[in-house]
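Structure at a glance
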Amino acid sequence: MHGRVKLKSTAQQEEEKKKEREKKLKVYVATRDACFSKRKEGAMDDEALQLTQQLLSANPDFATLWNYRREILMHLETVKEEGDVQKQYDAELAFLETCLRVNPKSYGCWYHRGWVCGRQPRPNWSRELSLCDECLALDDRNFHCWDYRRMVVKASGVPVDQELQFTDRLIGSNFSNYSSWHYRSTLLPLLHPESPEPPTPTPACAHPPTNSPPNSPHTHSHRVCEEQLLKEYELVQNAFFTDPNDQSAWFYYRWLLGRAEREEMISCVYMSREGERVVVAFSRPVNAQAVGLMLVLDGQLQRVEWRSAPPSARHTPVWICELPPGTISDINNEHNLTVHWTEKHTQRECALYTGRAESWCRDSATDQELFRSELSVEKTSVLQSELQSCNQLLELEPENKWCLLTIVLLMRALDPLGYEKETLTHFQKLKEVDSMRTNYYSDLCSKFMIENTILKMEYAEVRVFSISEKNLTTLCHLDQLLLVTHMNLCTNQLSRIPPQFSMLQCLEVLEVDDNVIESLEGLHNLPKLEEVSLKNNQISKFSQLRPLASCPKLTRLDIRGNPIAQTDNIAAELAELLPSVTDLML
């Protein structure tokens with residue numbers, strides 16, 4: 001037995017560790033209390049700096065101590081020479097490196113480091129970039145470090161092309177570096193911006209055009225020039241062919257296929273003698289009460305109150321107002337309306353001619369390239385080649401969801417109507433191979449089908465929107481349906497009429513039979529709505545029908561096949577709620 005090491009029991013080890021922790025905690029708490037006391041006394045000396053350093057070395061996420069430390073350093077700036085201040089901050093940066101070794105993702109450390117560099121008389125930005133390189137080599141998804149690097153790059157004026165080469169190196173060593181792909185997407189529009197094309201508007205008007213054509217939509221310079229875009233397609237294709245199941249490259253590819261943000265503009269103006277209403281639609285949600293929107297009718301500024309559609313929204317694409325009584329009600333008079341959006345220095349004109357009850361002026365979805373970008377011959381050829389490559393990859397990886405979804409997006413970019421059948425087939429396959437996201441794919445498919453239907457409607461130049469038996473689960477782009485008078489949404493999987501439905505200010509007839517609708521919230525304040533057919537839905541409560549009371553012209557309502565139709569005394573209650581309805585079908 002002699003000469004053998006006596007092993008401690010687990011219980012003994014745990015007890016010793018507990019005592020050690022308690023000892024460290026006691027020292028930590030005592031130091032913290034001493035530090036707080038000095039701050040309360042207003043002490044700004046080296047001792048206080050040392051106390052905070054001792055605490056932050058153990059716990060770099062103590063935000064209050066970083067604040068106190070900054071107060072001390074700013075005070076020392078006032079009592080030391082510039083050279084001493086530089087040395088003080090150099091020492092601070094060295095201390096921060098030790099803190100980052102404790103926690104490389106400490107928000108407090110990275111923020112304080114940026115603050116120190118901003119206060120230094122002569123910051124060494126090259127050292128900071130090297131530190132970022134070192135940290136990202138350890139963890140290429142450290143978003144705190146990425147944020148700090150962007151700050152350093154901006155402050156030091158690092159050329160954009162140099163940063164792009166940096167992303168080349170990171171992506172070359174690891175295709176799965178999502179942060180590098182994202183950073184690349186912010187650099188490319190700066191280095192290779194898309195040249196804006198001169199606007200060539202072709203407005204669709206309900207009357208002969210005025211002398212001053214409406215403004216045309218442009219796009220922000222957030223996109224990449226075509227030459228560079230084609231190179232990026234090749235780069236990202238190499239990535240997802242190397243590892244088809246890694247999502248980073250697929251997300252970047254989806255960004256490459258995306259459309260540019262449209263500039264905020266007035267996309268439609270509608271005016272009606274009935275109710276003397278003016279409806280203005282914007283390309284993006286805005287707050288009309290805060291953006292300087294003015295109406296000038298026949299040269300006279302009109303004082304109006306704007307209300308949103310839906311009513312509860314502060315930011316929405318559609319805004320409505322009523323002109324003073326008698327302003328445009330006489331059908332024998334002609335009127336010229338100009339809507340000025342002073343904040344964006346843009347306007348749109350609309351003429352209401354003699355004998356017409358309504359008028360509008362708008363850019364159609366086809367003119368706006370709302371659902372796709374206009375492709376050059378070269379880009380079309382490249383995207384066709386990309387589609388062919390993805391189809392080849394799909395043959396090798398038939399259940400790869402990223403490949404399936406990218407094929408859908410390529411088809412949307414090339415010819416959304418021509419590839420409609422294939423798109424539906426691929427969405428069905430996506431639901432099978434990625435069943436956890438079935439609802440997402442259903443909603444995305446619904447969005448694409450609605451876009452296609454809008455395009456078909458506008459090519460036909462009609463105001464009827466019909467999209468039945470398409471398994472729709474959601475409604476979108478309702479601001480593009482402002483002028484629609486008849487809508488058929490029968491035999492889908494819609495569970496509600498969303499609040500945004502109140503944008504359809506011209507709607508007269510709505511058919512939504514054979515869905516699973518439980519909410520009619522969006523059927524609110526539709527001034528022209530006359531007929532609603534809700535057969536075979538899930539309306540079970542009287543309160544669900546209350547929004548219809550705000551539709552003054554409603555005369556026909558069909559709720560056969562709904563649970564509420566079997567409710568006692570429902571006819572009498574509806575007669576009281578909807579006195580204008582003369583044709584009620586239960």
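None of these values were measured; they are calculated from a predicted model. (Residues numbered from 1 in each chain as written. Predicted model: local features only at pLDDT ≥ 70, side-chain atom pairs only at ≥ 80, totals over all residues. Heavy atoms only, no water.)

**Section: the overall build of the protein**
Test applied: Helix and strand definitions here come from DSSP, where helices need a minimum of 4 consecutive H or I residues and strands a minimum of 2 consecutive E residues; each element is numbered from the N-terminal end. Based on C-alpha atoms, the radius of gyration is set beside the globule rule, defined as 2.2 Å times the residue count to the power 0.38. The buried label applies to any residue whose accessible area, calculated with a 1.4 Å probe on protein chains only, is under 20% of its type's maximum; exposed applies above 50%, and partly exposed to all values in between.
Assigned secondary structure in the protein consists of 16 helices and 16 strands. For 586 residues, the compact-globule estimate of 2.2 N^0.38 gives 25 Å, and the protein exceeds it by more than 25% at 32 Å. Taking the principal axes of the C-alpha coordinates as reference, the protein spans close to 105 × 65 × 60 Å. Burial analysis of the protein (586 residues in total) assigns 47% to the buried set.

**Considerations on the pairing of strand β7 (residues 316-322)**
We count it as follows: Strand pairing requires that DSSP identify at least two bridges connecting the strands.
A large share of β7 lies buried, amounting to 6 of its 7 residues. Pairing of strand β3 (residues 277-286) with β7, which is carried by 6 bridges, proceeds in the antiparallel orientation. Residue pairing in the sheet places Arg277 in a bridge with Glu322 of β7. Across 3 bridges, the pairing between strand β6 (residues 307-309) and β7 is antiparallel.

**Observations concerning the sheet that holds strand β4 (residues 293-297)**
This is how it is decided: Interaxial angle, 0 to 180 degrees, is taken between N-to-C directions of lines fitted to C-alpha atoms, where a helix line uses only the stretch in contact.
The strand order β5-β4-β8-β9 describes an open sheet built from 4 strands, whose pairing is antiparallel. Of all the strands in the sheet, the pair left with one neighbour each is β5 (300-302) and β9 (346-352). Neighbour to neighbour, the strand axes of the sheet diverge by 25 degrees on average, direction disregarded. For strand β8 (residues 335-341) and β9, the ladder comprises 7 bridges, and the chain directions are antiparallel. Its bridge partner lying in β9, Thr338 is registered against Glu349.

**Quick notes on the pairing of β4**
Of all 5 residues in β4, 4 are buried, a share of seventy percent or more. In terms of strand pairing, β4 meets β8 through 5 bridges, oriented antiparallel. Across the sheet, the residue bridging to Val296 is Thr338, located in β8. Where β4 and β5 come together, 3 bridges link them in antiparallel fashion. Among the inter-strand pairings, Leu295 is bridged to a residue of β5, identified as Gln302. In this structure, the hairpin formed by β4 and β5 is closed by a connection of 2 residues, where Asp298 is found at a positive phi of approximately 50 degrees.

**Comments concerning helix α7 (residues 143-156)**
The condition that has to hold: Take the residue count of a helix, subtract one, and multiply by 1.5 Å to get its expected span. In this analysis, two residues are considered to be in contact whenever any of their non-hydrogen atoms come within 4.5 Å of each other. Throughout this description, a polar contact denotes any pair of N or O atoms lying within 3.5 Å of each other; where both atoms belong to protein, one of them has to be capable of donating a hydrogen while the other can accept it, and for residues adjacent in sequence the pair is counted only when both atoms sit in side chains.
Compared with an ideal rise of 1.5 Å per residue, which puts 14 residues at 20 Å, α7 spans 20 Å between its outermost C-alpha atoms and is within 8% of the ideal. Along α7, the residues classified as buried are His144, Cys145, Trp146, Tyr148, Arg149, Val152 and Val153. Packed against the buried residues of α7 are α5 (107-119), α6 (125-138), α8 (160-173) and α9 (178-191). For α7, the capping residue at the N-terminal end is Asn142, with a side-chain oxygen 3.2 Å from the backbone nitrogen of His144.

**Thoughts on the nonpolar core**
To keep things clear, this is the line we draw: Only buried residues count toward a nonpolar core. Its members are Ala, Val, Leu, Ile, Met, Phe, Trp, Tyr and Cys residues joined through side-chain atoms within 4.5 Å.
Of all hydrophobic cores here, the largest spans 138 residues; its most connected members are Phe465, Met487, Leu489 and Phe501. If one sorts the elements of this core by residue count, helix α13 (residues 401-414) sits on top with 11 residues. Sequence-distant contacts of Met487, defined by excluding residues within four places in its chain, comprise Phe465, Leu481, Phe501, Leu504, Leu507, Val509, Leu510 and Glu511. Ranked by size, the runner-up nonpolar core spans 22 residues in total, among them Leu295, Cys321, Ile328 and Val339.

**Thoughts on the packing of α13 against helix α14 (residues 420-433)**
A pair of packed helices can be characterised by two numbers: the angle between their axes and the separation between those axes. For the record, the criterion: An angle counts as roughly parallel when it lies under 35 degrees, as roughly antiparallel when it exceeds 145, as roughly perpendicular when it falls between 65 and 115, and as oblique in every other case. Helix crossings get a hand from a simple test, with the near helix turned counterclockwise from the far one by less than a right angle marking a left-handed crossing and a clockwise turn marking a right-handed one.
In contact at an axis separation of 10 Å, α13 and α14 are set at 160 degrees when each is read in the N-to-C sense. By the angle class used here, α13 and α14 are roughly antiparallel. You can see that α13 and α14 cross each other, and the crossing is left-handed. Every residue of α14 that contacts α13 at Lys401, Leu404, Leu405, Ile407, Val408 and Met411 is listed here: Glu422, Thr423, His426, Phe427, Lys429, Leu430 and Val433.

**What about the packing of helix α2 (residues 46-58) against helix α3 (residues 63-79)?**
Counted only if it meets this: Gly counts as polar in this scheme, as do all residues outside two lists: the nonpolar Ala, Val, Leu, Ile, Met, Phe, Trp, Tyr, Cys and Pro, and the charged Asp, Glu, Lys and Arg.
One can describe the packing of α2 onto α3 by two numbers: an axis separation of 10 Å at closest approach and a directional angle of 150 degrees. Of the possible angle classes, the one that applies to α2 and α3 is roughly antiparallel. For the pair α2 and α3, the sense of crossing is left-handed. For the pair α2 and α3, contact is made by Asp46, Ala48, Leu49, Thr52, Gln53, Leu55 and Leu56 and by Leu65, Trp66, Tyr68, Arg69, Ile72, Leu73 and Leu76, respectively. In terms of residue class, the contact of α2 with α3 is made up of 10 nonpolar, 2 polar and 2 charged.

**Notes on the sheet that holds strand β15 (residues 556-558)**
Spatially, β11-β12-β13-β14-β15-β16 is the arrangement adopted by the 6 strands of the open sheet, whose pairing is parallel. The open sheet has two edge strands, β11 (464-466) and β16 (583-585), and neither has a second partner. Shown here is a sheet whose adjacent strand axes are inclined to one another by a mean of 0 degrees, direction ignored.

**Quick look at the packing of aromatic side chains**
Short version of the rule: Geometry of aromatic contacts follows a simple scheme: Phe, Tyr and Trp rings, the Trp one being its six-membered ring, pair when their centres are within 6.5 Å, and the pair is stacked under 30 degrees between planes, edge-to-face over 60, tilted otherwise. Only when the NZ of Lys or the CZ of Arg is both within 6 Å of the ring centre and within 35 degrees of the ring normal is a charge said to sit over the ring.
Tallied over the full model, the rule gives 18 aromatic pairs. The interplanar angle of 45 degrees and the centroid separation of 5.1 Å between the aromatic rings of Trp110 and Tyr148 together place this pair among those described as tilted. Remark: Tyr148 occurs in helix α7 and Trp110 occurs in helix α5; sequence separation between them is 38 residues. Considered together, Trp110 and Tyr148 belong to a single accessibility category, that of buried residues. Put simply, the rings of Tyr233, Phe240, Phe241, Trp250 and Tyr253 pair up and form one aromatic cluster. Across the ring face of Phe166, the terminal group of Arg149 is positioned such that the distance to the ring centre comes to 3.5 Å.

**Notes on the state of the cysteines**
Keep this limit in mind: Put simply, a disulfide is two cysteine sulfurs that come within 2.5 Å.
Per the counting criterion, the structure on display carries 0 disulfides. Cys350 provides the cysteine sulfur closest to Cys268, a residue in no disulfide bond, and the two sulfurs are 8.0 Å apart. Of all cysteine sulfurs, the one in Cys268 lies closest to Cys506, which takes part in no disulfide; the gap is 8.2 Å. A relative accessible area of 1% means that Cys506 is categorised as buried.

**Brief notes about the environment of Ala63**
Checked against the element boundaries, Ala63 lands in helix α3. C-alpha of Ala63 to C-alpha of Tyr107: the two residues are 44 residues apart in sequence and 9.0 Å apart in space.

**Description of the side chain of Thr316**
Tracing the sequence through the fold places Thr316 in strand β7. For Thr316, the side chain forms a polar contact with the main-chain oxygen of Ala309, separated by 2.6 Å. Thr316 has contacts with Arg284, Pro285, Val286, Ser308, Ala309, Pro310 and Met503, leaving out every residue within four places of it along the chain.

No statement about biological role is implied by the geometric values presented.
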